[in-house]
Amino acid sequence: MNYLIYILILLGSLLMITNIIRYILFIHKLKEIKDSRNDKNKTWKTLALFLLIFFLLGYVGVAVSRQADLLISGILFGGSIFVAIILTLMFHLVNSEKENCLAMTETLIGMIESRDPNLNGHSRYVQHLTMCFYRHLPAEIKKSLNASLLEYAALLHDVGKLGIPEAILNKPGKLTDDEWEIMKQHPKLGVEFMKPLYFFRTITPWILYHHERVDGKGYYKIPKEQIPLESKIIAVCDTYSAITMRRSYKDAMHHEVAMSIINECAGTQLDSSLVEYFNKIPKAELEECIPNVHGF
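Residues numbered from 1 in each chain as written. Predicted model: local features only at pLDDT ≥ 70, side-chain atom pairs only at ≥ 80, totals over all residues. Heavy atoms only, no water.

**Section: the environment of Val64**
Here Val64 lies in helix H2 (residues 42–65). Judged by relative accessible area, which is 64%, Val64 ranks as exposed. (Helix = DSSP H or I, 4+ residues; strand = E, 2+ residues; numbered from the N terminus. Buried < 20%, exposed > 50% of the residue type's maximum accessible area, 1.4 Å probe, protein only.)

**Thoughts on unusual backbone geometry**
If you check the backbone angles, Lys221 has positive phi at about 60 degrees while not being a glycine. In this structure, Lys221 sits in the loop between helix H10 (204–208) and helix H11 (229–244). Judged by relative accessible area, which is 53%, Lys221 ranks as exposed.

**Quick word on the confidence of the model for the protein**
Mean pLDDT over the protein works out to 86, with 92% of the residues at or above the 70 mark. Here helix H3 (residues 70–115) stands out as the least confident element of the protein, with mean pLDDT 82; helix H13 (residues 272–279) is the most confident, with 97. (pLDDT = per-residue confidence, 0-100.)

**Observations regarding the packing of H11 against helix H12 (residues 255–265)**
For the pair H11 and H12, interaxial distance at closest approach is 9 Å and the crossing angle is 135 degrees. One element, H11, and the other, H12, form an angle in the oblique class. As for the relative orientation of H11 and H12, their crossing is right-handed in sense. Contacts from Val236, Thr239, Tyr240, Ile243 and Thr244 in H11 reach His255, Ala258, Met259, Ile261 and Ile262 in H12. (Axes fitted to C-alpha atoms, helices over the stretch in contact; angles between N-to-C directions. Parallel < 35°, antiparallel > 145°, perpendicular 65-115°, else oblique. Left-handed = near helix turned anticlockwise from the far one by under 90°. Contact = heavy atoms within 4.5 Å.)

Structure (structure tokens):
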């Protein structure tokens, strides 16, 4: 009987150590779908981790005291199994949500680019550029960013163009003032489209303000200090994409021309410090960001 008691305690302890590791991994995985800076449940998550550790210490205490009986060891072992089952279900739910959102994102991007031939590959291009830019940012800036959510925002930055009439999207010439005012509504429309989707709630401000300028002359005249860093990053990549991408009404420009224009925009349209970091990205890496889409 004593052997069975200590086997249960040993197995329960090992399983609880595994549970603690899995729980830490789960918290890290949540950061892929939720901005930890705005996490209102940090206290509960910390408390849960504390309780798991406390549970593990309970195993150690029982083993050291040598006062455990079969009932206590069985309850402790059952508790570790219960925690393992709950963690498995939580991982499954998060993975399912990510897969659903990825599928939804692919559908939205396909719908956007099917309505406007000039956007063929643009969203993917901005996505790739943004993640390339992220890798080259200083460590202190990267710590303040959520790479997974930034990537979603970059990919979906033009989702609001689903609400823009095709006649305006596909117009070969210059837009009239009235048409331009309609076009400028696409960030707000994008936010409205994604409002019912809890998964994307964090990234909606980044999409809303990706056309703001640091001189305060953007779509919504937002001051520099109020523009999210993520929006400023996407703005740099969106500008580079717009310049180097071929459109029905213009040819693609070379990297050197694009960088010259971007540097001219530093301090007015684009954030100067971000432009400085963008300048340091090797040309070859930026060119590798071009997606494999027909028409490039």
